[in-house]
Amino acid sequence: MAEDESKRDSLQMNRKGGQINNGFVQNEDNLEQDPDPGSSQDNPQHSTVRIDDSREPSFQGIRPYAGMPKEVLFQFSGQARYRLPREILFWLTIASVLVLIGATITIIVISPKCLDWWQEGPMYQIYPRSFKDSDKDGNGDLKGIQDKLDYITTLNVKTIWITSFYKSSLKDFRYGIEDFREIDPIFGTMKDFENLLAAIHDKGLKLIIDFIPNHTSDNHTWFQLSRTRVGKYTDYYIWHDCTHEDGTTIPPNNWLSVYGNSSWHFDEVRNQCYFHQFTKEQPDLNFRNLDVQEEVNEIIQFWLAKGVDGFSFDAVRFLLEATHLRDEIQVNKTQIPDTVTHYSELYHDFTTTQVGMHNIAQGFRQIMDEYSREPGRYRFMGIEAYTESIDRTMLYYGLPFIQEADFPFNHYLTMLDTLSGNNVYEVITSWMENMPEGKWPNWMIGGPDISRLTSRLGNAYVNVMNMLLFTLPGTPITYYGEEIGMGNILASNLNESYDINTLLSKSPMQWDNSSNAGFSEANHTWLPTSSDYHTVNVEVQKTQPRSALKLYQELSLLHANELILNRGWFCHLRNDSPCVVYTRELDGIDKVFIVVLNFGESTLLNLQEMISHLPARLRIILSTDSAYTGGEVDTSGIYLNNGEGLILQYNTKNLLHYQTAFRDRCFVSNRACYSSVLDILYTSC
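Notes on the structure in this doc start here. (Residues numbered from 1 in each chain as written. Predicted model: local features only at pLDDT ≥ 70, side-chain atom pairs only at ≥ 80, totals over all residues. Heavy atoms only, no water.)

### Here we look at the overall build of the protein
Of regular secondary structure, the protein possesses 18 helices and 28 strands. Residue burial in the protein is summarised as follows: out of 685 residues, 53% are buried. For the protein, the proportion of contacts with a sequence separation of at least 24, taken over those separated by at least 6, is 68%. A total accessible area of about 32,400 Å² is found for the protein, and carbon and sulfur atoms account for 50% of it. (Helix = DSSP H or I, 4+ residues; strand = E, 2+ residues; numbered from the N terminus. Buried < 20%, exposed > 50% of the residue type's maximum accessible area, 1.4 Å probe, protein only. Contact = heavy atoms within 4.5 Å. Areas by Shrake-Rupley, 256 points an atom, 1.4 Å probe, with all protein chains shown as cover.)

Shown next as structure tokens:
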């Protein structure tokens, strides 16, 4: 009993009272003055509580203090003046969290889809054999591209597009592939490719590469096994019986190669004819064979696993042919059938764009999507649709619920042999009007198999065409050398056995005015450099304030920095003169760009006749003649020389795409509005 009582006394205060601290030292000085902790003498610096065993303790007149026991704390916490603030703070916290969640959901719902890397900036297409030679053999290579990455970044491009570099017999510019998983020794090794890819990614850039699934080289292992009828490879290509006597072949039908003459070639090993849409060294794969489709899919996966960011699929429309093998219809039905030898003399209804072709392309898209699941690693898919009609080209975008290409490459500007305001307008509106809703456009003015702009249209149009490229909605695509205005080489002394007409735009890149234009230190290059390389080269134009290169860099920088050019409306104003005039504008931004481009003779343009309430004078943001940049023009009379272009700016809240008169002349890919208050884009305009 004594022990129990002692313990109880140690936990409670006796009726006479005691000092409670519960281990919290309020004043260490008091400990020194009062060495007897058991003393009952009141300490004025401590509150005391007297507890009566016979009734509940009273806390009247006592104020809260640090180190209170929970019994005391509960007495105070229940009081209204302490309870109400707690409850108010609690419900305010709950309300704030709910508001934040609601605001986040709302922003997500109303925000437009962010532009992906292939939409944010220009693509730069490189023909690797002609870009930079690093090993002095006269051929450009992968290391040479890596050596020039710093230059490419000065162009403000987002994506590098390298054309075919696979192991090849060199027929038709490397498109006769012997091994899709190997780098041709001319370009280097797989290690060189991996180093280049890593360096590109280190620069914050992306890499897409060519892929030609339609055919292989006749030296490919698959073809060698197919011609000897080995296992599953027997039907990897399109074989058919044909008559071959005295060196003359009578083909199964009248189908023609793209390069002319019959698309059937007799193989003496198999004693049958095989089908080739291009040269006889490029036999077509049989894509109706599921094993072939699986092989091609594995090749795509191989390069995606390496880390490439996307593909340009070429010759896709040739993937399937009709199985009935009927003759194709002649364009001129009165022509003697035996004289029909040119590709353009037939309608190719049985050898291009067959039913099922888009299903194969959609299968490629599914592989891309599988490798796009990692955040920030979207894999791009483009399809070459050169020479296709506009309606067939648009089918490569896919169906409303079945995606195919991110975009088919737009070659229509490259087909213009003469320029006028009207034909440029027709190319632009044809694409924008036919493009499926929500899809993304692209524009290019050159390529490996197309005559260069300066040789096709003239030097006067280099700057104005680049200005067009960067001010249209969508992704601009530049073929190497177009930023400095390179032209075709002359068709003499070409030591290659290819079609000369397709060689002229592939001359070595012109870096400086040293030997071989700085492309190579070899004594001989695979193609000669252009004769104008002493004045048309990168180093010279770096130092010239009015050069094509300087303007290109300014245009690409403006495109990167202006939401209006990335996301805004395109409204066409006029095309019945040598000029094309259009605006770029975005909801929520009171700034409008007017782009004026002259593709004909010198002219005087009155902008006030086109736009009501236009200010009398407008500031020039950029001009093809840098002397005018930053100045002003009189909007009632703008004089433009041939090949001259201006980007003008004015402020207004009355945007053209809201006005009835312009509503049918305005286009936008993915509509977005800008809030200057929140600094965000949203869709509920």
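### Some points on the packing of aromatic side chains
Within the structure shown, the criterion is met by 44 aromatic pairs. Consider the rings of Phe223 and Trp239, whose centres lie 5.6 Å apart with planes at 20°: the pair is stacked. With a gap of 16 residues between them, Phe223 in helix H9 (residues 221-227) and Trp239 in strand E6 (residues 239-240) connect regions that are remote in the sequence. Residue classification places Trp239 among the buried residues on the basis of a relative accessible area of 11%. (Phe/Tyr/Trp six-rings, centres within 6.5 Å; stacked < 30°, edge-to-face > 60°.)

### Brief notes about the sheet that holds strand E17 (residues 475-479)
What the eight strands build is an open sheet, ordered E15-E12-E11-E5-E2-E1-E17-E16; its pairing is parallel. Looking at the sheet topology across the chains shown, the edges are occupied by strand E15 (407-409) and strand E16 (442-444). Adjacent strand axes in the sheet meet at a mean angle of 25°, parallel and antiparallel pairs treated alike. The pairing of strand E1 (residues 123-126) with E17 spans three bridges and is classified as parallel. Each bridged residue has a counterpart across the sheet, and for Gln125 the counterpart in E17 is Tyr479. Contacts from helix H15 (residues 462-471) reach E16 and E17 within the one sheet, and its direction differs from that of E17 by about 145°. (Pairing = 2+ DSSP bridges. Axes fitted to C-alpha atoms, helices over the stretch in contact; angles between N-to-C directions.)

### A closer look at the sheet that holds strand E9 (residues 264-267)
Overall, antiparallel pairing links the three strands, which are arranged E6-E10-E9 in an open sheet. Two strands lie at the open edges of the sheet, namely E6 and E9, each paired on one side alone. Across four bridges, the pairing between E9 and strand E10 (residues 272-275) is antiparallel. Residue pairing across strands places Phe266 opposite Cys273, the latter belonging to E10.

### Overview of the nonpolar core
Counting residues in each nonpolar core, the largest one holds 138 residues, and the members touching the most others are Trp303 and Phe311. In terms of residues, this core owes the most to one element, H15, which gives seven residues. Excluding residues within four positions of it along the chain, Phe311 makes contact with Tyr166, Ile208, Ile209, Phe211, Ile300, Trp303, Leu304, Met368, Phe380, Met381 and Gly382. Counting 25 residues, the second largest nonpolar core, distinct from the first, contains Trp569, Met610, Ile638 and Leu646. (Core = buried A, V, L, I, M, F, W, Y, C linked by side-chain atoms within 4.5 Å.)

### Describing the side chain of Glu328
The residue Glu328 is located in the loop between strand E11 (310-313) and helix H11 (357-370) in this model. It turns out Glu328 is buried and unbridged, and the closest side chain with the opposite charge, Arg392, is 9.1 Å from it. Among the polar contacts made by the side chain of Glu328, one reaches the main-chain amide nitrogen of Asp349 at a distance of 3.4 Å. Each residue touching Glu328, except ones within four places of it in the same chain, is listed here: Asn254, Trp255, Leu346, Tyr347, His348, Asp349, Phe350 and Thr351. (Lys, Arg positive; Asp, Glu negative; His and termini not counted. Salt bridge = Lys/Arg side-chain N within 4 Å of Asp/Glu carboxyl O. Polar contact = N/O pair within 3.5 Å; in protein donor to acceptor, adjacent residues only side chain to side chain.)

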